[in-house]
Each structure stands twice: as structure tokens, then as C-alpha cells.
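One letter stands for each residue in the lines below.
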Amino acid sequence: MKINNICCIGAGYVGGPTMAVIALKCPDIKVTVVDLNADRIAAWNGPLDDLPIYEPGLAEVVQEARGKNLFFSTDIDKAIDEAQMIFMAVNTPTKTYGEGKGFAADLTFVEKCARQIAEASTTDKIVIEKSTLPVRTAEKIKEVLSSNTKGVNFEVLSNPEFLAEGTAIQDLFKSDRVLVGGDDTESGKAAVAALVSIYSNWIPKEKILTTNVWSSELSKLASNAMLAQRISSINSLSALCEKTGADIEEVSQAIGMDSRIGSKFLKSSVGFGGSCFQKDILNLVYLCRHYSLDEVAEYWHQVVKINNYQKNRFTKRIISGLNGTINQKKITLLGWAFKKDTNDTRESAAIYVADILLEEGAEVHIFDPMVKENRIRQDLTTLCEARNESKHEISVKLKRCIVHQENIGALENSFAAAILTEWDEFKFYDWNAIAEKMVQPAKVFDGRNIIENSLDYNFNLTKIGS
Ligand code: UDX
Ligand code: UDX
């Protein structure tokens, strides 16, 4: 089947960049990205320097394809019915209620999407799971789609996204692999072939892996779990380094040079964040428990527990470094995004560090080159609300949280600076000059190990794992 019209539901961090790249690489295919959120769609149609997502290289791709064969719209039904292929890239957060609360993925949006596809479709469709979903979700989607009364045939494929934020465009251009899961039936194979032919426009054939649907769904969870496990492993060892005099950077380099281990994802940090790792591991834990695999569930759960431990440990080091009391002390957080080169803050370690510092009475000043003030306030508010704090309590607490547009105001007269995101600019600050403006003795806590060691510093530098 020759595909010439694609629709994607969900104009977020995954849907937006992925569809922009498909449109760029497949000029003969009309790609329409739809979303319930009209503001987000307006921003995708707005100025290139203010797209809803900051991602290096994205604006250039959007500029090239937008208006030619890439469109952003809120007319979801129309886009669904016109398309032969529909990607579902809506968010699948961790459930905050009911059965599986705190672990299972909330499939409300996915189900709504499937229902809308069932209702709006008058011709056959290939429906693609792009969102990360629990294993066997395709079955549920098929069931919902079968409610269509117009005799439409739906094929459901799994095509999980492996892009990392901050490098999304490069990851899409040069994917390590593209995974397509489909049914082993004639129509299933034809649907897989149709999707493979799209990716073949720029991805070498040998990098496109086809599997059954369940393997594809599980591989996404497993990849994220394995990546996060490496970070929790190195972070657990960073705690041991701090006790023994070993240096985690040296240990990481030494073990990473073993080609069986490899050097990537061994960077010790204040803890991993992002929309995927924690959510996907909790989802995996839930799945294992569901099948009564309690030991397996506990094994993976530990990866998340070590991550929480790391965020707490780092914050406690700041507090003990300031003589055990931070009440009314100005503390500056550099970085709010969960990693550099993105404005995404979901599950960022910074939120948890700031929360503990505010609980302890500190005045928390924040500077991030890409994250807007309302996002930061919203992140803290959401965390406090999840603990059932009252509106009044939250507003009183947030008065002690000050967001800055430039770094110096944030750092002046501060008792401590904590680096929470590895933005390149933080590496190149004149740290000695900054330290002079801070309360003496100035203390810098480097949660990303980006500041070089030096004997010439006029401030006290604390790094992770040394
Ligand atoms: C994606 C995946 O979908 C998720 O499963 C994965 O684990 C992380 O990446 P992401 O693109 O990062 O999610 O999410 P987000 O930026 O929140 O975008 C989702 C979009 O879907 C939002 O813009 C939201 O408005 C839209 N949406 C949600 C709909 O259009 N309809 C809905 O019913 C629900
Ligand atoms: C991840 C996966 O890498 C990607 O394949 C999947 O599609 C989505 O989830 P993402 O969350 O965008 O991507 O970013 P990633 O680069 O994996 O970083 C996640 C977190 O781990 C960040 O907070 C990052 O700072 C942290 N990290 C990463 C470390 O602390 N140390 C490392 O060595 C690597």
C-alpha cells in the first residue's frame, strides 16, 4: 500500500519532532499533527523561535516542511479520516488513582484516542502505537477500534520511539534502530511493510527491525529500564566513592573502557529525570507484579529507589555543607530542565531538590536558560498538590522561590550554588568571580560533575562521588 497521508495525534515532545522529520524525509506524504491543546497547535504554527518544544535542529526542520507537507491542526476528526496511517503519540502518565496507582500507565488518553479513531474513520487505517505502552495494549486498542460501525479494517502496529530529548532530531535522522511490531497475518504484514517503506526513505534497511507486537511493546520498556539501571548502578557506586576516597569519574572511566560494558550512560548525576525512565520502570514493575513475578518486580523497582535516594542524598549534602541549617538562607539552583538542550522538566531532579530545600526553610533562587518561570512554579505546585498541601500553604512556600532571567542576580549573596542540569554555559562560567559575590566561604555543589577540578578555586567545590 502506498501511503500518502499520515496523521499523528499528540503534538508533544515525541509527536512533534518525529512527524517533522517524517515530513522532511518523505516530501510526497502529507503529515498532519493534531492535538486537543489549541495553544500548543497555535505555537507549532507560530514563530520558529517560540515553538512549544526546544530541541536543537527542530526549528530548521519545521521551517523546511511546514506549510508544504507538514501541518498542525486542531481538527482531529478530519485529519483522522483523511489519513491512511495514524500515529498515537499522546501522553501515558503513571496512574495517580485506583488500581495500579503509582505504578501502572494511565491509558485514559490512549483509549480516548482509539475511540475517536473508531468514530471518525470511514476508510481502512493502520493505527500505530508511538506512545510507550504496557505490553498487550494493542489488544485493548483493537477492541476499542472494533466499535466502528462502518466496516472499516484497522491494523494495529507498535513502533516505539527511542529518541532522547536534546538530541531528538539527530536520533531521528540516524536511529540506532527502528522497531516495528505487527501481526503475522497477511494484512498485518502489509501494514508492517507500509511503515517500513516510510522509514526506508532515510534509515538503512538493516536497522529496521520487525517483531511481533508484544516484543516491540516490551522492548521499549526494557530499553529504558536497562538505560536507567546503568545510571542507578553508577549512582549507587558514587555513594560508596564518597565514603572510601575513590572518585566516581575515574571509576566510570575505568569500567567504561571495558568494551563489554561500554562508556555510555555511566555519568554519575543528581539522579535521572525525564518523562520516560521512572514511568516506564514503574510500569514494568506493575506488569511483573501482575504476573506474580515479585522478585523481578523488586529488582527493577530498586532502580527507581536508588534514583530517589540519589536526589535525597545530594540535597542532604547541601544542607550538611551549610552547617545543617538552611532556614532563611539563599540557595541558588542552576538548571531546572531534566537534562541539557531541552525545556522539558518532567521528573527533573531539580523539582525534588528544590522541594526539600523549601521544606527546610531556604530561600530558593533558580536560573535555567530555557525553562520559563510559570513552568517552574507549576512543577512545584503539582508536587505539593500531590501531597495534599493546601493552596495557602503552597502559595506561602512558593514566595520563597524566586526565578531569575539571568545568572548573576540568582547567585549574588547566595550561601550555596547547586548545579542540577549540565547546561554547557555553566561549565564556562568564571566560577572564581561568581564565588566572590557569594556569601563566604562560597560553596558550589556540582550535581552533574561538570566543573573541572582545580587547586586555584576560591570556593569550596563538592562533586558527586568524590
Ligand atoms: C511521549 C509518549 O507519548 C509517551 O508515552 C512517552 O513515554 C513519552 O513521550 P510526549 O510526546 O513526551 O509523550 O508527551 P507530551 O509532550 O505530553 O505530548 C502529548 C500530547 O498529546 C499533548 O500535547 C496533549 O495535549 C496531546 N493529547 C493528549 C491529545 O491531543 N489528546 C489526548 O487525548 C491526550
Ligand atoms: C530516554 C531514552 O534515552 C530514549 O531512548 C527514550 O526514547 C526516552 O527516554 P530521555 O529521557 O529523553 O530519553 O533522555 P536521556 O538522555 O535518556 O536522559 C534521561 C536522564 O538520565 C536525564 O535526566 C539525564 O541527565 C540522566 N542521565 C543520562 C544521567 O544521569 N547519566 C547518564 O549517564 C545519562
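Up top is the structure.
Values in this document were obtained by computation on a predicted structure and should not be read as measured data.

Q: Quick rundown of the overall build of the protein? Include the residues and the values.
A: Across its full length, the protein holds 18 helices and 14 strands. Relative to the globule expectation of 23 Å for 466 residues, the C-alpha radius of gyration of the protein, 24 Å, shows essentially globular dimensions. Dimensions of the protein along its principal axes, counting C-alpha atoms only, are 75 × 45 × 45 Å. A burial count over the protein gives 53% of its 466 residues as buried. Considering only residue pairs separated by 6 or more positions, the protein has 76% of its internal contacts joining residues 24 or more positions apart. Within the structure as shown, the protein displays about 21,000 Å² of accessible surface, and the carbon and sulfur contribution to it stands at 52%. When the 53 basic and 62 acidic side-chain charges of the protein are each reduced to a single mean position, those positions are 1 Å apart.

Q: With reference to specific residues and values, describe the site of ligand 1.
A: Around ligand 1, 20 residues are found, and the nearest of them are Asp35, Arg40, Val90, Lys279 and Arg346. Within the side chain of Asp35, a nitrogen or oxygen atom sits 2.5 Å from an oxygen atom of ligand 1. Coverage of ligand 1 by the protein chains reaches 92% of its 690 Å² of free accessible surface. Each residue belonging to the shell around ligand 1 can be placed in one class, and the counts come to eight nonpolar, eight polar and four charged.

Q: Describe the pattern of salt bridges, naming the residues involved and giving the relevant values.
A: Applying the stated criterion across every chain, the model contains 27 salt bridges. With a shortest N-O distance of 3.0 Å, Asp344 and Arg346 are connected by a salt bridge. Exposure remark for Asp344: the relative accessible area of 2% places this residue in the buried category. On the basis of relative accessibility, which here comes to 35%, the residue Arg346 falls in the partly exposed class. Linking Lys397 and Glu389 is a salt bridge whose minimum nitrogen-to-oxygen distance equals 3.0 Å. You'll find Lys397 and Glu389 in the same group, each marked buried.

Here is what the cut-offs are and how they apply
- Residues numbered from 1 in each chain as written.
- Chains lettered and ligands numbered in written order.
- Predicted model: local features only at pLDDT ≥ 70, side-chain atom pairs only at ≥ 80, totals over all residues.
- Heavy atoms only, no water.
- Helix = DSSP H or I, 4+ residues; strand = E, 2+ residues; numbered from the N terminus.
- Rg over C-alpha atoms; globule rule 2.2 N^0.38 Å.
- Buried < 20%, exposed > 50% of the residue type's maximum accessible area, 1.4 Å probe, protein only.
- Contact = heavy atoms within 4.5 Å.
- Areas by Shrake-Rupley, 256 points an atom, 1.4 Å probe, with all protein chains shown as cover.
- Lys, Arg positive; Asp, Glu negative; His and termini not counted.
- Charge placed at Lys NZ, Arg CZ, Asp CG, Glu CD.
- Near = heavy atom within 4 Å.
- Polar contact = N/O pair within 3.5 Å; in protein donor to acceptor, adjacent residues only side chain to side chain.
- Nonpolar A, V, L, I, M, F, W, Y, C, P; charged D, E, K, R; others polar.
- Salt bridge = Lys/Arg side-chain N within 4 Å of Asp/Glu carboxyl O.

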